[in-house]
Amino acid sequence: MMIQNISLPASPLFLAPMEDVTDSPFRQICRTKGADIVYTEFISSEAIIRDSDIAQHKMSFEEMERPFGIQIFGGREEAMEGATKVAKANNPDLIDINFGCPVYKIVKKGAGAGCLKDLGMMERMAATVVEAAGDCPVTVKTRLGWDDSTIRISEVGLMLQRVGVKALTVHARTRAQKYKGDARWEYLKKLKDTPGLEIPVIGNGDVDSPQKAKQMLDETGVDGVMIGRGA
């Protein structure tokens, strides 16, 4: 599997970015245990452009963590553009945009899953980050939709591909579900079967065992599996 110039094994395992969990020591442990790619905790674009000590600390990493991604979020294009340039200067292997966090204090600012209420804004934001990142690949993590009435994940996948996003991770729940109920893997299969979608699709949601990881790969055809709380 390839994410632009990043070569990964077939059916790779991704460690999900998780606030207060995926710091550098945890990422290093997971790399030694088989994670093929790891990410920072999500980092506020506003904190990055203000040179926050916490943001700088979150972006630090050891070489053994590669391939390594910095995940950023925000509700302002200007802040996301500036944060992308700062993140790129830290020399990660990729930059990931969080379009999926369901927490109220994030979505009320139009960030995280808040972007699912305005796909035009999501498109502009992604395009801005892709342009600012230059030759550093940009990926996205999102959810199925804001709620059941707004599930347009195939449309979102094609839109993100069109603006230059190189891989898409989907947590197979809506924002309304938050972390409740079952992840709806059938939408991952629908996304993979979308005509014209060529970028890798990484599935996320309810993978808490090796058996579940294999089941997701077999049932949905996703290119890779992202493990969050199960880690």
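Here goes a summary of the coordinates provided.

Another aspect to go through is helix 6 (residues 119-133). With 15 residues, helix 6 extends 21 Å from end C-alpha to end C-alpha; this agrees with the ideal 21 Å at 1.5 Å per step. Considered for burial, the residues of helix 6 that qualify are L119, M121, M122, M125, A126, T128, V129, V130, A132 and A133. The elements touched by buried residues of helix 6 are helix 4 (77-89), strand 7 (94-99), strand 8 (138-143) and helix 7 (153-162). Once helix 6 ends, the next one or two residues include G134, with phi positive near 60 degrees.

Take the nonpolar core next. The tendency in soluble globular proteins is for nonpolar side chains to be buried side by side. Counting 71 residues, the largest nonpolar core has F14, I97, F99, M122 and L160 as the members making the most contacts within it. Once residues within four sequence positions are removed from consideration, L160 is found in contact with F99, M122, A126, V140, V165 and L168. Core analysis: the second largest hydrophobic core is formed by five residues, F42, F73, I106 and A111 among them.

Looking at the secondary structure, you find R184 in the loop between strand 9 (167-171) and helix 8 (186-192). Relative accessible area serves as the criterion here: at 16%, R184 is assigned to the buried category. With sequence-adjacent residues up to four places away left out, R184 is seen in contact with L144, D148, I151, A172, T174 and Q177.

Burial along strand 10 (residues 201-204) is two-sided: the residues V201 and G203 and I202 and N204 are all buried. Two elements, strand 10 and strand 11 (residues 224-227), share three bridges in a ladder whose sense is parallel. Bridge pairing links N204 to M226 in strand 11. Read from strand 10 through helix 9 (residues 210-220) to strand 11, the crossover connection turns out right-handed.

Next up on the list: the packing of helix 4 against helix 6. Running from N to C, helix 4 and helix 6 cross one another at 30 degrees; their axes reach a closest spacing of 9 Å. By the angle between their directions, the pair helix 4 and helix 6 is classed as roughly parallel. Classified by chirality, the crossing of helix 6 by helix 4 is right-handed. For the pair helix 4 and helix 6, contact is made by E77, M80, E81, T84, K85 and K88 and by R124, M125, T128, V129, A132 and A133, respectively. When the residues that make up the contact of helix 4 with helix 6 are grouped by side-chain class, the tally is five nonpolar, two polar and five charged.

Criteria and cut-off values
- Residues numbered from 1 in each chain as written.
- Predicted model: local features only at pLDDT ≥ 70, side-chain atom pairs only at ≥ 80, totals over all residues.
- Heavy atoms only, no water.
- Helix = DSSP H or I, 4+ residues; strand = E, 2+ residues; numbered from the N terminus.
- Expected span 1.5 Å × (residues − 1).
- Buried < 20%, exposed > 50% of the residue type's maximum accessible area, 1.4 Å probe, protein only.
- Contact = heavy atoms within 4.5 Å.
- Core = buried A, V, L, I, M, F, W, Y, C linked by side-chain atoms within 4.5 Å.
- Pairing = 2+ DSSP bridges.
- Right-handed = clockwise from strand over helix to strand, strands pointing away.
- Axes fitted to C-alpha atoms, helices over the stretch in contact; angles between N-to-C directions.
- Parallel < 35°, antiparallel > 145°, perpendicular 65-115°, else oblique.
- Left-handed = near helix turned anticlockwise from the far one by under 90°.
- Nonpolar A, V, L, I, M, F, W, Y, C, P; charged D, E, K, R; others polar.

These results come straight from atomic positions and should not be treated as a statement about function.
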